[in-house]
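Each chain, written out:
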Amino acid sequence: GPGGAANTAIAAARLGLSVGHLGEIGDDRAGRWIVEDLKAEGIDVGGVITSAQATTAVAGVIVDVHGEPAYLGYPGRQYLPSLPEAWAEGIRQAEALFVDGWVDHTRQADLVLEGLQTARKASVPSFFDPGPGNPALDNAWHAAACRRATVVLATEDEGQRISGRSDPLES
């Protein structure tokens, strides 16, 4: 499947929830495949923006015998400078917002923060899964996202990395 937040959207739709997906994809094979996959799962993709100048990120995951993942792929390119008003309105009208923390570009990180802030101002519960983080980016924004989210869905390692605290309960 598409991965990340899209997998959460698919799971929610399979549970019978009404789900919409927001995102920017390229006008390419990978982008079209993801949109068709989401549609087939009954997810509203009206909020997905296809940009001719963008390329869709693609990643495959290989897991070793110890359960450690390695990600292979390319980050794609995205161009949205800020949260589109249609997305902001969709967030304000939503019953909940889910976002994940795997981002490949600073713009994506900014969009996540804008989306979480929009949800907070509208009293829409938000769920943030920070994920493992992207070592190519300054992940300080994870802490900012955690402060904006209603619920943070972090593993012990993620909580410790983001908080800087070694004790799992303190993190």
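In the block above lies the structure referred to throughout.
The structure displayed is predicted, hence computed values, not measured ones.

So, on to the overall build of the chain. Along the chain, the regular secondary structure elements total six helices and seven strands. Whereas a compact globule of 171 residues would reach a radius of gyration of roughly 16 Å, the chain reaches 16 Å, a difference of no more than 12%. For the chain, buried positions account for 36% of its 171 residues. Here the chain displays about 10000 Å² of accessible surface, and carbon together with sulfur accounts for 53% of that area. Distance between charge centres in the chain, computed from 13 positive and 23 negative side chains, equals 6 Å.

The subject of this paragraph is the sheet that holds strand 5 (residues 97–100). Reading across from one edge, 5-6-7 is the order of the three strands in this open sheet, with parallel pairing throughout. Each edge of the open sheet carries a strand with a single partner, namely strand 5 and strand 7 (151–152). Here four bridges tie strand 5 to strand 6 (residues 126–129), and the two strands are oriented parallel to one another. Within strand 6, the position partnered with phenylalanine 98 by the bridge is phenylalanine 127. The sheet contacts of helix 5 (residues 140–148) involve strand 6 and strand 7, and relative to strand 6 the element is tilted by about 155°.

Judged by nonpolar contacts, the single largest core of 22 residues is most densely connected at Val112, Leu116, Phe128 and Trp141. The set of elements that each furnish at least two residues to this core consists of helix 3 (85–93), strand 5, helix 4 (106–121) and helix 5. Ranked by residue count, the leading element in this core is helix 4, at six residues. Judged by nonpolar contacts, the second largest core, of 13 residues, contains Ala6, Ile10, Ala12 and Ile43.

Moving on, we get to helix 5. Looking only at helix 5, the buried set comprises Trp141, His142, Ala144, Ala145 and Cys146. Looking at the buried residues of helix 5, the elements they touch are helix 4, strand 6, strand 7 and helix 6 (156–163).

Once that is clear, we can look at the packing of helix 3 against helix 4. Packed helix pairs are specified by the crossing angle of their axes together with the interaxial distance, meaning the distance between the axes. Between helix 3 and helix 4, whose axes approach to 8 Å, the crossing angle comes to 40°. As judged from the angle between their axes, helix 3 and helix 4 are oblique. Two packed elements cross with a definite hand, and for helix 3 against helix 4 that hand is right-handed. Each of Ala88, Ile91 and Arg92 in helix 3 lies in contact with helix 4, whose residues at this interface are Gly115, Thr118 and Ala119.

Both strand 3 (residues 58–63) and strand 4 (residues 69–74) contribute to a ladder of six bridges, which runs antiparallel. Bridging from a neighbouring strand, valine 63 pairs with proline 69 of strand 4. The turn joining strand 3 and strand 4, which pair antiparallel and follow one another in sequence, is formed by five residues; a positive phi near 85° is taken by glycine 67.

A word on unusual backbone geometry. Despite not being glycine, serine 123 has its phi angle at roughly 60°, a positive value. As for its position among the elements, serine 123 is in the loop between helix 4 and strand 6. On the basis of relative accessible area, serine 123 is assigned to the exposed category, the value being 66%.

Calculation notes
Residues numbered from 1 in each chain as written. Predicted model: local features only at pLDDT ≥ 70, side-chain atom pairs only at ≥ 80, totals over all residues. Heavy atoms only, no water. Helix = DSSP H or I, 4+ residues; strand = E, 2+ residues; numbered from the N terminus. Rg over C-alpha atoms; globule rule 2.2 N^0.38 Å. Buried < 20%, exposed > 50% of the residue type's maximum accessible area, 1.4 Å probe, protein only. Areas by Shrake-Rupley, 256 points an atom, 1.4 Å probe, with all protein chains shown as cover. Lys, Arg positive; Asp, Glu negative; His and termini not counted. Charge placed at Lys NZ, Arg CZ, Asp CG, Glu CD. Pairing = 2+ DSSP bridges. Contact = heavy atoms within 4.5 Å. Axes fitted to C-alpha atoms, helices over the stretch in contact; angles between N-to-C directions. Core = buried A, V, L, I, M, F, W, Y, C linked by side-chain atoms within 4.5 Å. Parallel < 35°, antiparallel > 145°, perpendicular 65-115°, else oblique. Left-handed = near helix turned anticlockwise from the far one by under 90°.

That is the geometry; function is a separate question.
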